Amino acid sequence: MTVRVRLTLVYCGLFAVCGAILVAITYGLLATNLPESADSNLTLPAGFASSCERASADPEGADPALLQKCKTAYQEGLVNGANRQREATLQRLLWYSLSTLAAVTLLAAVAGWIVAGRVLRPVHRITEAARNASEENLAARLALTGPRDELRELADTFDDMLDRLQAAFDSQRRFIANAGHELRTPLTVMRTAVDVVLAKPEPTSAELIGMGHDVQAAVHQAQALIDALLTLARTDRGRFGQEAVDLATVTEDAIDARLPGGGPARLHTALAPAVTSGDPTLLERLAANLVDNAVRYNVADGDVWVSTSAANAHVVLTVENTGPVVTAEAARTLFEPFRRLHERTGDDGFGLGLAIVASIAAAHGGIAAAGVRPGGGLTVTVTLPARVATPS
């Protein structure tokens, strides 16, 4: 049976039960308030009624015993008549009540069918919207109006789900398009280098070696992009081990790997112990990306500040630099894949560094936020849950 039929049966059943209870209460109250006396077993002989009539017409000349018997018979007749009237009244009440209850129950079934249809109308709209929704058609919204009841909440939740799906599909399409564009660049470089050399009748050894270097650089570029995409996909799935990781240690390792001699920027570190739970390789990649971006997008002889701390059940990694002036609106978009402040030039990267940072932070239950410095540059803060010490 459909939900509408079940709701109709529930409405009808509840109405019938409540009606039956009402009929029973009414019948019981009326039966209680109509007293019943014991029926008389008096048997009157033939002609007794005529004798009583004659005695009543001439009471002075009638036999006193006969008059007493007539009076007693009259009282008992009144009692018997009252009892029969009581039974007739209760029977008619019960018959009328049950007939009315049956008729009204049928009307309740019809009304319940109509009301159930109206109640389920928003559900039909939600079903139709879900049936019509697809990857290419996620723009339709229910926008249900009316009181904020359970159905309104369901419709609003469905609209929110469509918003998230549409945002996810749009982001996926942009990601695929950007990834294809980025991968096309090294392939184009390799094809151009090969075509230029092969177009010459007799390429020299130097030209072949130069082509090899160009192809090698393009391959390294493509490999770096693929590694970044694989890291992003790995963190998005959230499948990695959980172990104690000190952000200060992995950040120091990332600085030593990225800036073995101090680097082109003046580095200032304040690495306090900050223990969290997660994958040490991914967290080191997070710190390395932040340091790499702070050094790459900096001014000449600029400064980079790196610090770690722990407070209020959280650990914080902060990386700040003295780069170019960045607007607050542009800073909010830097965590999107393939997002750059400027058009790509030379060694400007792929625009995946901060996207990987945000993904790793989210996979570890934390958040990454970027703020602008008044004099130029960025302040990127990663907040992660602190590791809870287990009792020994």
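Just so we're clear, the structure is a prediction, and the values are computed from it rather than from any experiment. (Residues numbered from 1 in each chain as written. Predicted model: local features only at pLDDT ≥ 70, side-chain atom pairs only at ≥ 80, totals over all residues. Heavy atoms only, no water.)

## Some thoughts on the overall build of the protein
Moving on, step 1. When helices and strands are counted, the protein shows nine helices and seven strands.
Moving on, step 2. The buried share of the protein, taken over its 392 residues, is 29%.
Moving on, step 3. The contacts of the protein with a sequence gap of at least 6 include a subset with a gap of at least 24, amounting to 71%. (Helix = DSSP H or I, 4+ residues; strand = E, 2+ residues; numbered from the N terminus. Buried < 20%, exposed > 50% of the residue type's maximum accessible area, 1.4 Å probe, protein only. Contact = heavy atoms within 4.5 Å.)

## Comments concerning the sheet that holds strand 5 (residues 314-321)
Moving on, step 1. Spatial ordering of the open sheet is given by 2-4-5-7-6, a layout of five strands whose pairing is mixed. Whereas interior strands pair on both sides, the edge strands pair on one side only; in this sheet they are strand 2 (266-271) and strand 6 (367-372). Within the sheet, the average angular offset between the axes of one strand and its neighbour, ignoring direction, is 10 degrees.
Moving on, step 2. Pairing geometry for strand 4 (residues 303-311) and strand 5, over eight bridges, is antiparallel. (Pairing = 2+ DSSP bridges. Axes fitted to C-alpha atoms, helices over the stretch in contact; angles between N-to-C directions.)

## Details of a nonpolar patch on the surface
Moving on, step 1. Nonpolar side chains collect at one region of the surface, where Val17, Ile21, Ile25 and Leu29 lie side by side and expose about 380 Å² of accessible area between them.
Moving on, step 2. Here Val17 shows up in helix 1 (residues 3-33). (Patch = residues over 30% accessible without salt bridge, like charges linked within 9 Å, V, L, I, M, F, W, Y side chains within 5 Å. Areas by Shrake-Rupley, 256 points an atom, 1.4 Å probe, with all protein chains shown as cover. Salt bridge = Lys/Arg side-chain N within 4 Å of Asp/Glu carboxyl O.)

## Here's the deal with helix 1
Moving on, step 1. Between its first and last C-alpha atoms helix 1 spans 45 Å; for 31 residues at 1.5 Å apiece the expected length is 45 Å, and the two agree.
Moving on, step 2. Listed in full, the buried residues belonging to helix 1 are Thr8, Cys12, Gly19, Val23 and Ala31. (Expected span 1.5 Å × (residues − 1).)

## A look at the side chain of Asp303
Moving on, step 1. For Asp303, the location among the structural elements is in strand 4.
Moving on, step 2. Looking at Asp303, the relative accessible area reads 12%, which means it is buried.
Moving on, step 3. Excluding residues that lie within four positions of it along the chain, Asp303 makes contacts with Arg266, His268, Asn298, Glu320, Asn321 and Thr322.

## Observations concerning the pairing of strand 4
Moving on, step 1. Of the strand pairs in this sheet, strand 2 and strand 4 are connected by six bridges, and their pairing is parallel. Bridged to His268 within strand 4 is Trp305.
Moving on, step 2. Following strand 4, the chain reverses through two residues before pairing antiparallel with strand 5; Asn312 in that reversal takes a positive phi of roughly 55 degrees.

## A look at helix 6 (residues 247-258)
Every α-helical turn comprises 3.6 residues, leaving residues that sit three or four positions apart pointing alike.
Moving on, step 1. With twelve residues, helix 6 should cover 16 Å at 1.5 Å per step; its first-to-last C-alpha distance of 16 Å lies within 8% of that length.
Moving on, step 2. Of the residues making up helix 6, those classed as buried are Leu247, Ala248, Val250, Thr251, Ala254 and Ile255.
Moving on, step 3. Where helix 6 begins, the capping side chain belongs to Asp246, and its oxygen is found 3.1 Å from the backbone nitrogen of Ala248. (Polar contact = N/O pair within 3.5 Å; in protein donor to acceptor, adjacent residues only side chain to side chain.)

## Observations concerning the pattern of salt bridges
Moving on, step 1. In the structure shown here, the tally under the stated rule is five salt bridges.
Moving on, step 2. Among the salt bridges present, the one from Asp292 reaches Arg296, with a minimum N-O distance of 3.4 Å. You can see Asp292 and its partner Arg296 sitting in helix 7 (residues 280-296), four residues apart, about one turn around the helix.
Moving on, step 3. When its relative accessible area of 17% is taken as the criterion, Asp292 is described as buried.
Moving on, step 4. Look at Arg296 and you get partly exposed, because its relative accessible area is 30%.
Moving on, step 5. The partner of Glu320 in a salt bridge is Arg373, with the nearest N and O atoms 2.5 Å apart. Placement of Glu320 in strand 5 and of Arg373 in the loop between strand 6 and strand 7 (378-385) is noted, with a sequence separation of 53 residues between them.

Read these as layout, nothing more, since geometry by itself doesn't imply function.
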